[in-house]
Amino acid sequence: MKKPIVFFDIDGTLLNEEKKIPASTKKAVRLLQEHGIHTVIATGRVPKMFYWIQQELSIDSYVAMNGQYVVFNGQEVYANPINSERLHSLSTMTASNGHALAYCSHLDYKVSKSNHPFIEAGFDSLMMPYPEVDEEYYKHLSIYQGHLYCDLSDAQMYFDHFPDFSFVKWHDNAYDILPKGASKAVGISKMLEVLGINKEDSFAFGDGLNDLEMLTMVGMGVAMGNAVPEAKAAADYITTSSSDDGILNGLIKVGLLKWT
């Protein structure tokens, strides 16, 4: 039997509300690695945003940008860029309406407007500085994910106008933009296929709306105690919160670790 593989969301999962990695989480991940169990980050973030987490946890594999860009042991195994013509149409429409976008490549991320309150609020929630502005960033390289920044009342027109995109809310006035059908689950499936690991031997920990597909497709989905109700409903098990040893407790509960 192949060694199990465990996928971890970042915000609200690996990180607590202070955007720090709890000591118990560091211990739990280290113990998994010592037992030869694969540890993988599965996040909506761009790789540049979580490099420091990779360093602290010694994790070289990830499913980034909600399944759009997948790397195992430092090697790209799957990439699914957004259609450039459709992204241009979206960019033109948001600019004409006074709304804002972020463009996420595998290397970096830029935003279309400076001093936008919704961008500021979104990145404040991540405890990250306001991104660099480059409204034409999407013209220069592949973009795997976007962010739409607008009121919910305005967002509906984008939902209607771009049925080939999925819009996943991640903050009050911020939505991830993905090709329809894209999700962390798709990226995870690609990694399992490459590694020859059965779905039954895969585990995932998450807390947000973008974790729903992931939690239901793996062999065992674990929702954090601080997870949104939808994630708890999708999971096989609910552990304690990210700040209350949730990762360690969850790994013990599903049998991957023993009390130590």
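Just above sits the structure.
What counts and what doesn't
Residues numbered from 1 in each chain as written. Predicted model: local features only at pLDDT ≥ 70, side-chain atom pairs only at ≥ 80, totals over all residues. Heavy atoms only, no water. Helix = DSSP H or I, 4+ residues; strand = E, 2+ residues; numbered from the N terminus. Contact = heavy atoms within 4.5 Å. Areas by Shrake-Rupley, 256 points an atom, 1.4 Å probe, with all protein chains shown as cover. Lys, Arg positive; Asp, Glu negative; His and termini not counted. Charge placed at Lys NZ, Arg CZ, Asp CG, Glu CD. Salt bridge = Lys/Arg side-chain N within 4 Å of Asp/Glu carboxyl O. Buried < 20%, exposed > 50% of the residue type's maximum accessible area, 1.4 Å probe, protein only. Core = buried A, V, L, I, M, F, W, Y, C linked by side-chain atoms within 4.5 Å. Pairing = 2+ DSSP bridges. Axes fitted to C-alpha atoms, helices over the stretch in contact; angles between N-to-C directions. Parallel < 35°, antiparallel > 145°, perpendicular 65-115°, else oblique. Nonpolar A, V, L, I, M, F, W, Y, C, P; charged D, E, K, R; others polar.

Colleague: Looking at this structure, how should I read the overall build of the chain?
Modeller: Looking only at helices and strands, the chain features nine helices and 13 strands. Summarising its shape, the C-alpha atoms of the chain cover approximately 55 × 35 × 30 Å along the three principal directions. The long-range share in the chain, meaning contacts at least 24 apart out of those at least 6 apart in sequence, stands at 57%. A total of about 11,300 Å² of accessible surface is found on the chain, and carbon and sulfur atoms cover 49% of it. Across the chain, 21 positive and 32 negative side-chain charges occur, with their mean positions spaced 6 Å apart.

Colleague: For this particular structure, what's the right way to read the pattern of salt bridges?
Modeller: A side chain with one charge may pair with a side chain of the opposite charge, provided their charged atoms come close. Counted by the stated rule, this structure contains 11 salt bridges. Residues Lys184 and Asp9 are paired through a salt bridge, measuring 3.0 Å at the closest nitrogen-oxygen approach. In this pair, Lys184 sits in helix α6 (residues 184-195) while Asp9 sits in the loop between β1 (5-8) and α1 (23-34), placing the two residues 175 residues apart along the sequence. By relative accessible area, which is 1% here, Lys184 ends up buried. Under the relative-accessibility criterion, Asp9 is labelled buried at 5%. Asp11 serves as the salt-bridge partner of Lys19, at 2.8 Å between the closest nitrogen and oxygen. Neither Lys19 nor Asp11 differs from the other in exposure class; each is buried. Taken together, the shared-partner salt bridges connect Lys48, Asp108, Lys110 and Glu132 into one network.

Colleague: Can you help me understand the nonpolar core in this one?
Modeller: Generally speaking, a soluble globular protein has its nonpolar side chains buried in company with each other. With 46 residues, the main nonpolar core has Val6, Phe8, Ile53 and Leu251 as its most contacted residues. Residue contacts for Ile53: discarding those within four places in its chain leaves Ile10, Leu14, Leu15, Ile21 and Ile41.

Colleague: What's the story with the sheet that holds strand β3 (residues 62-64) in this structure? I'm lost.
Modeller: Remark on secondary structure: sheet strands pair via backbone hydrogen bonds, oriented parallel or antiparallel. Spatially, eight strands are ordered β5-β4-β3-β2-β1-β11-β12-β13 in an open sheet, and the strand pairing comes out mixed. The outermost strands of the open sheet, each flanked by one partner alone, are β5 (75-79) and β13 (237-238). Of the strand pairs in this sheet, strand β2 (residues 38-42) and β3 are connected by two bridges, and their pairing is parallel. Directly across from Ile41, in β3, lies its bridge partner Tyr62. In this fold helix α9 (residues 246-253) packs onto β1, β11 (202-206) and β13, with an angle of close to 150° to the strand it touches most, β11.

Colleague: Would you mind showing me how to read the environment of Pro163 here?
Modeller: Within the element layout of this structure, Pro163 appears in the loop between α5 (152-161) and β9 (165-171). The class of Pro163 is exposed, set by a relative accessible area of 51%. Spatially, the C-alpha atom of Pro163 lies 41 Å from that of Ala28, the residues being 135 residues apart in sequence. When neighbours within four sequence positions are excluded, Pro163 is seen to be in contact with Arg86 and Lys180.

Colleague: Quick question: what am I supposed to make of the side chain of His116 here?
Modeller: Within the secondary structure layout, His116 lies in the loop between β7 (109-111) and α4 (117-125). When residues no more than four places from it in sequence are discounted, the contact partners of His116 are Gly98, His99, Ala100, Tyr130 and Tyr149.

Colleague: Teacher, can you tell me more about the sheet that holds β7 here?
Modeller: Taken in spatial order, the five strands line up as β7-β6-β8-β10-β9 in an open sheet, and their pairing is antiparallel. Edge positions in the open sheet fall to β7 and β9, since each of these has one partner strand only. Taking the axes of each pair of neighbouring strands and ignoring which way they run, one obtains an average angle of 25° across the sheet. Bridging between strand β8 (residues 145-149) and strand β10 (residues 174-179) involves four bridges; their strand directions are antiparallel. Note on β10: the bridge partner recorded for Gly146 is Ile177. Of the strands in this sheet, β6 (100-104), β8, β9 and β10 are in contact with helix α3 (residues 84-97), which crosses β6 at around 150°.

Colleague: Would you mind showing me how to read the packing of α1 against α9 here?
Modeller: Relative placement of two packed helices is described by the angle separating their axes and the distance separating the axes. Closest axis-to-axis distance for the α1/α9 pair is 7 Å, and the angle between their directions is 40°. When the axes of α1 and α9 are compared, the pair comes out oblique. Residue-level inspection shows Ser24, Thr25, Ala28 and Leu32 of α1 in contact with α9, the latter providing Ile247, Leu248 and Leu251. A per-class count over the contact of α1 with α9 returns five nonpolar, two polar and no charged.

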